[in-house]
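One-letter residues, chain by chain:
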Amino acid sequence: VTQSVAIIGGTGPEGKGLAARLAIAGYEVIIGSRSADRAFEAAGEIGTLTSRSLKGAPNEDAAASGDFVILTVPYSGLTDTLPPLAEAIGEKVVVSTVVPLQFANRRVSMLDLEAGSAAQEVQALLPRAKVVGAFHNLGAGHLVDITHHLEGDVVVCSDDAEATQAVIEMTNSIQALRGVNGGPLAVSRYVEGITAMLVSINRLHKAETNIKIVGLDGHY
Ligand SMILES: NC(=O)c1ccc[n+]([C@@H]2O[C@H](COP(=O)([O-])OP(=O)(O)OC[C@H]3O[C@@H](n4cnc5c(N)ncnc54)[C@H](OP(=O)(O)O)[C@@H]3O)[C@@H](O)[C@H]2O)c1
């Protein structure tokens, strides 16, 4: 059975990139937006790019129809975006890619969040959902450039074992990416923080980097 993925805020670079990669992997993808027009436009663009058929819908309709919900809105948009979607999302698996970065004086840093991480804030805003942190360290440039061979590890964190497993499988369906179980949702704080490190490395080396965990010996 084909599984479907709704991407909330899927009209930005990260959402479009994940949409492209998941459509190619065989998922039915619904791109969500605050604007139906922008959603249709992005679905058409990624459909042309991937030669797959994607759907576009307002965020709430997308959230209602996807088996999985992926959040690719900016951190600053979470508190406005999620409460109106809570009913449509219910107990679904919700993947947070959100990284609470701030840029000041041309330096990147993490916002100091009371909840610990953006993923834990998502869980607080959607108490019934099975929230999973994943895809934080994957840059949008390489995701959306479908000629780029993706490799590296995606650390997957959640408090629900089945949700973790489903998102690891989703990750493994994308080229040479490997999903690695990172443990409880609270660990997402550190995974989100690695993105700040990668942004700094990327700027210095004019590169788009990702991470790979060594030493797992096949157990992940
Ligand atoms: N860019 C990357 O390389 C990268 C890498 C790893 C993780 N991430 C994470 O992925 C998320 C998206 O990144 P992005 O670069 O694609 O972001 P973005 O382009 O700034 O935003 C993505 C989409 O979110 C919607 N949006 C913007 N402001 C919003 C608000 N206040 N409330 C609700 N929706 C809003 C917009 O869609 P509509 O206007 O169509 O609704 C926009 O197209 C971020 O949380 C980021 O931390 C990004």
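Residues numbered from 1 in each chain as written. Predicted model: local features only at pLDDT ≥ 70, side-chain atom pairs only at ≥ 80, totals over all residues. Heavy atoms only, no water.

A. View of the overall build of the protein. The helix and strand inventory of the protein stands at nine helices and 10 strands. For 220 residues, the compact-globule formula gives about 17 Å, and the C-alpha radius of gyration of the protein, at 16 Å, lands near that figure. Per-residue burial for the protein yields a buried fraction of 50% across its 220 residues. For the protein, long-range pairs separated by at least 24 residues make up 76% of all intrachain contacts whose partners lie at least 6 apart in sequence. Taken as a whole, the protein presents about 10500 Å² of accessible surface, with 51% of it coming from carbon and sulfur. In the protein, 16 positive and 24 negative side-chain charges are present, and the distance between their average locations comes to 7 Å. (Helix = DSSP H or I, 4+ residues; strand = E, 2+ residues; numbered from the N terminus. Rg over C-alpha atoms; globule rule 2.2 N^0.38 Å. Buried < 20%, exposed > 50% of the residue type's maximum accessible area, 1.4 Å probe, protein only. Contact = heavy atoms within 4.5 Å. Areas by Shrake-Rupley, 256 points an atom, 1.4 Å probe, with all protein chains shown as cover. Lys, Arg positive; Asp, Glu negative; His and termini not counted. Charge placed at Lys NZ, Arg CZ, Asp CG, Glu CD.)

B. Focus on the site of the ligand. Neighbouring the ligand are 21 residues, the closest being Thr-11, Ser-33, Arg-34, Arg-38 and Val-73. Measuring from an oxygen atom of the ligand, one finds a backbone N or O atom of Gly-12 at 3.2 Å. Contact between the ligand and Arg-34: an oxygen atom at 2.8 Å from a side-chain N or O atom of the residue. Its residues assigned to classes, the shell around the ligand comprises eight nonpolar, 10 polar and three charged. (Near = heavy atom within 4 Å. Polar contact = N/O pair within 3.5 Å; in protein donor to acceptor, adjacent residues only side chain to side chain. Nonpolar A, V, L, I, M, F, W, Y, C, P; charged D, E, K, R; others polar.)

C. Geometry of helix H1 (residues 13–25). Between its first and last C-alpha atoms H1 spans 18 Å; for 13 residues at 1.5 Å apiece the expected length is 18 Å, and the two agree. When you tally the buried positions in H1, you get 10 out of 13 residues, the bulk of the element. Within H1, burial applies to Glu-14, Gly-15, Lys-16, Gly-17, Leu-18, Ala-19, Ala-20, Arg-21, Leu-22 and Ala-23. Against strand E1 (4–8), strand E2 (28–33), helix H2 (36–50), strand E4 (68–71), helix H7 (140–144) and helix H8 (161–172) lie the buried residues of H1. Phi turns positive, to about 110°, at Gly-26, one or two residues after H1. (Expected span 1.5 Å × (residues − 1).)

D. Fine view of the nonpolar core. Counting residues in each nonpolar core, the largest one holds 33 residues, and the members touching the most others are Val-5, Leu-22, Val-29, Leu-54, Ile-70, Phe-135 and Met-170. Look past the residues within four positions of Phe-135 in its chain and what remains in contact with it is Glu-14, Leu-18, Ile-70, Val-95, Thr-97, Val-154, Met-170 and Thr-171. Residues Ile-8, Leu-82, Ala-118 and Ala-129 belong to the second largest nonpolar core, which totals 24 residues. (Core = buried A, V, L, I, M, F, W, Y, C linked by side-chain atoms within 4.5 Å.)

E. Summary view of the pairing of E1. Within E1, five of the five residues are buried, leaving the element largely enclosed by the surrounding structure. Here E1 shows no split at all, with Ser-4, Ala-6 and Ile-8 on one side and Val-5 and Ile-7 on the other all buried. Note: E1 against E2, four bridges, orientation parallel. Within the sheet, the bridge partner assigned to Ile-7 lies in E2 and is Ile-31. Remark: the E1/H1/E2 crossover connection has right-handed handedness. Direction of pairing for E1 relative to E4: parallel, over a ladder of four bridges. Note that in E4 the partner of Val-5 across the bridge is Phe-68. (Pairing = 2+ DSSP bridges. Right-handed = clockwise from strand over helix to strand, strands pointing away.)

F. Quick peek at the sheet that holds strand E10 (residues 176–183). Read across the open sheet, the eight strands follow the order E3-E2-E1-E4-E5-E8-E9-E10; overall the sheet is mixed. Only two strands of the sheet have a single neighbouring strand rather than two, namely strand E3 (55–58) and E10. The mean inter-strand angle of the sheet, taken between neighbouring strand axes irrespective of direction, is 25°. Against the sheet, H8 makes contact with E1, E4, strand E5 (93–96), strand E8 (130–133), strand E9 (151–158) and E10, and its axis sits at roughly 160° relative to E10, the strand it touches most. (Axes fitted to C-alpha atoms, helices over the stretch in contact; angles between N-to-C directions.)

G. Layout of the pattern of salt bridges. Inspection of every chain in the model, using the stated rule, returns four salt bridges. Notably, a salt bridge pairs Glu-45 with Lys-16, separated by 3.0 Å at the nearest N-O pair. Residue Glu-45 is located in helix H2, and its partner Lys-16 is located in helix H1; the two are separated by 29 residues in the primary sequence. When the shortest N-O distance is used, the salt bridge between Lys-212 and Asp-153 registers 3.7 Å. Here the residue Lys-212 occupies a position in the segment after helix H9 (188–205), and Asp-153 occupies one in strand E9, the gap between them amounting to 59 residues. Since its relative accessible area comes to 54%, Lys-212 is described here as exposed. The exposure class assigned to Asp-153 is buried, which follows from its relative accessible area of 1%. (Salt bridge = Lys/Arg side-chain N within 4 Å of Asp/Glu carboxyl O.)

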